[in-house]
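# Analysis of the macromolecular model
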Amino acid sequence: MTQTNTLLGIPSNYRQLSTLDLAFVGDGVYDLLCREWLLKAGSSPVKKLHREKTELVNCQAQARLLKVLWPLLTEEEQGVALRGRNAHVGHVPKNASTADYHGATALEALFGWLYLAGEIHRVQELFGLAVRAGASE
């Protein structure tokens with residue numbers, strides 16, 4: 001097993017986890033990054049923060065960001081994202097298209113994989129690119 005640079009320092013053989021396990025972790029990683037980024041602007045009412053976070057952490061936004069990041073990903077990162085996009089999910093939320101849901105799962109799997117690999121700087125880099133891309137829309 002490989003020791004990773006995660007918050008808990010838990011040894012994890014992340015390469016053997018299912019894509020949906022990676023997406024489960026990546027969902028939390030991406031959500032936390034969005035929350036921290038929103039607080040960089042300063043204190044706001046929690047209701048406003050939640051609304052702004054929801055605009056960033058939803059299927060449509062995440063699928064759109066995957067498209068922006070795609071050409072910047074390494075071949076291995078693209079492979080992880082493809083596995084995430086092709087994962088067999090149990091259901092698709094009624095407010096999301098199937099394509100967007102699979103795109104969001106791909107982005108989350110990528111962020112989960114990078115996090116568990118201890119590639120925190122790469123997570124920060126990709127998130128920074130995603131935020132800048134979102135700001136330029």
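Overview of the structure. (Residues numbered from 1 in each chain as written. Predicted model: local features only at pLDDT ≥ 70, side-chain atom pairs only at ≥ 80, totals over all residues. Heavy atoms only, no water.)

### Overview of the environment of Ser-97
How we decide: Runs of E in the DSSP output that reach at least two residues are strands. Runs of H or I that reach at least four are helices, and both are numbered from the N terminus. Polar contacts, as used here, are pairs of N or O atoms within 3.5 Å; protein pairs need one atom able to donate a hydrogen and one able to accept it. Residues neighboring in sequence count only if both atoms are side-chain atoms.
Its place among the elements puts Ser-97 in the loop between helix H4 (75-85) and helix H5 (98-116). Separated by 11 residues in the primary sequence, Ser-97 and Glu-108 have C-alpha atoms spaced 16 Å apart. Here the side chain of Ser-97 touches Asp-100 through a polar contact of 3.0 Å, landing on its backbone nitrogen.

### Digging into the pattern of salt bridges
Convention followed: The working definition used for a salt bridge is a side-chain nitrogen of Lys or Arg within 4 Å of a carboxyl oxygen of Asp or Glu. Partly exposed residues are those whose accessible area sits between 20% and 50% of the maximum for their type, while under 20% is buried and over 50% is exposed, using a 1.4 Å probe and protein chains only.
Under the definition given, this model contains 4 salt bridges. Glu-125 is paired through a salt bridge with Arg-122; the nearest N and O atoms lie 3.0 Å apart. Separated by 3 residues within a single helix, Glu-125 and Arg-122 lie in helix H6 (residues 120-135), roughly one turn from each other. By relative accessible area, which is 41% here, Glu-125 ends up partly exposed. Exposure remark for Arg-122: the relative accessible area of 14% places this residue in the buried category. Overlapping salt bridges, with partners in common, bring together Glu-77, Arg-122 and Glu-125 in one network.

### Describing the side chain of His-102
Quick reminder of the rule: Between two residues, a contact is recorded if the distance between any of their heavy atoms is within 4.5 Å.
Along the polypeptide, His-102 turns up in helix H5. Owing to a relative accessible area of 17%, His-102 belongs among the buried residues under this scheme. Not counting chain neighbours up to four residues away, the residues in contact with His-102 comprise Gly-84, Arg-85, Ala-87 and Val-89.

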